[in-house]
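What the coordinates show
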Amino acid sequence: MATSDGSPEDEALAEIFANLALEAGKAIMRVYETDPHRRLKGDSSPVCDADLFGEEIILKGLARLAPFPVVAEEQAARYETPVVAGGDFILVDALDGTKEFLLHHDSFTVNIALIRAGAPVAGVVYAPARRELYLAGRFARRCFASPGERPPPAEHWRRLGVRTMPRANAKALISRQHSDVESESFLHQLPVTQVVSSSSSLKFCQIAAAEADVYPRFSRTMEWDIAAGDAVLRRAGGVVADVSGAPVTYGHAAQNFANGPFIAWGDPIAAKLYARLRAGGAKR
């Protein structure tokens, strides 16, 4: 399926993000092998040394290499967010899937994305325990790289592209840590026969790699949770839409950067068909 290509500037920023994610991944994996010093934030969500060390590395690198305003998860928890009124800015989640990290699972990620005019135009998702690096610059691609290494040369990357929604036996992804009744109800409307629980922004990347078809999420998420995965999926030809079918937008400071319900689709035609069916049902 056709992909959406970005600019050379997007590509250059994505490569900067990739290097910083790999550097942060090295610090995160050092914590992974030791006591992470788990504690709770004001909203009762967990945080540990890996969240803080990874974010510090990324923020220092961005200040030096990509001086845009940055909204980062742990800074936001301390009410230290910059003004992002309509300009370009960066969203950072240095450890997406802290619960998975603390359980010693391997599906946590480092997420960095550039937002322009409300849309993610460049981004990186890195799963250091799996060595999987996903990049959205001029296009979406994936490689394997160990924490602390440099990204490999071009011949080691695989370009990503979504697949058409099948008429039967579609594969859906749901959140392992945050399942909800609305998502289950939504999936009953689709030709889905396989539902797999997964974690972090890797769900967007699996759809971008044509390994799954749809991921609904009706429970609470934050913009930094999904922007990098959204960038990868969009560059692979997919879409992350709200329930009306409109692409998800970013920079909603008045909402404290919280997202509404969304659905990640590999096939944008399927997204449009669902939105039409839903609109028709609402009118009856």
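Since the model is a prediction, treat every value here as computed from it, not as a measurement. (Residues numbered from 1 in each chain as written. Predicted model: local features only at pLDDT ≥ 70, side-chain atom pairs only at ≥ 80, totals over all residues. Heavy atoms only, no water.)

This part takes up the overall build of the protein. Assigned secondary structure in the protein consists of eight helices and 14 strands. The C-alpha radius of gyration of the protein comes to 18 Å, within 12% of the 19 Å expected for a compact globule of 284 residues. Seen through its principal axes, the protein has C-alpha atoms that stretch 55 × 45 × 40 Å. For the protein, buried positions account for 54% of its 284 residues. The distance from the centre of the 32 positive side-chain charges to the centre of the 34 negative ones in the protein is 5 Å. (Helix = DSSP H or I, 4+ residues; strand = E, 2+ residues; numbered from the N terminus. Rg over C-alpha atoms; globule rule 2.2 N^0.38 Å. Buried < 20%, exposed > 50% of the residue type's maximum accessible area, 1.4 Å probe, protein only. Lys, Arg positive; Asp, Glu negative; His and termini not counted. Charge placed at Lys NZ, Arg CZ, Asp CG, Glu CD.)

A positive phi angle is found at histidine 37, which is not glycine, with a value near 55°. With respect to the helices and strands, histidine 37 occurs in the loop between α1 (8-32) and β1 (39-40). The backbone of asparagine 169 shows a phi angle near 65°, a positive value even though the residue is not glycine. Asparagine 169 sits in the exposed class, given a relative accessible area of 56%.

In this structure the tally under the stated criterion is eleven aromatic pairs. On the basis of an interplanar angle of 85° and a centroid distance of 5.8 Å, the ring pair of phenylalanine 186 and tryptophan 265 is categorised as edge-to-face. Here the residue phenylalanine 186 occupies a position in helix α5 (residues 181-187), and tryptophan 265 occupies one in strand β14 (residues 262-265), the gap between them amounting to 79 residues. For phenylalanine 186, a relative accessible area of 2% puts it in the buried group. We classify tryptophan 265 as buried; its relative accessible area is 2%. Following the ring pairs from residue to residue traces out a cluster consisting of Phe186, Phe218, Trp265 and Tyr274. The ring centre of tryptophan 157 lies 4.7 Å from the NZ or CZ of arginine 141, which sits over that ring. Above the face of the phenylalanine 139 ring, arginine 159 is positioned so that its terminal group lies 4.2 Å from the ring centre. (Phe/Tyr/Trp six-rings, centres within 6.5 Å; stacked < 30°, edge-to-face > 60°. Lys NZ or Arg CZ within 6 Å of the ring centre and 35° of its normal.)

This paragraph deals with helix α2 (residues 49-65). Over its 17 residues, α2 extends 24 Å from the first C-alpha to the last, a length consistent with the 24 Å expected when each residue adds 1.5 Å. Residues of α2 that are buried include every one of Asp49, Ala50, Asp51, Gly54, Glu55, Ile58, Leu59, Gly61 and Leu62, and no others. (Expected span 1.5 Å × (residues − 1).)

On to the nonpolar core, then. Core analysis: the biggest nonpolar cluster contains 39 residues, and Leu91, Leu160, Phe204, Val232 and Leu233 have the highest contact counts within it. Of the residues forming this core, the biggest block, seven residues, is contributed by helix α7 (residues 223-235). Core analysis: the next-biggest nonpolar cluster, separate from the first, contains 38 residues, Ile28, Cys48, Leu133 and Trp157 among them. (Core = buried A, V, L, I, M, F, W, Y, C linked by side-chain atoms within 4.5 Å.)

By themselves, these figures tell us nothing about what the structure is for.
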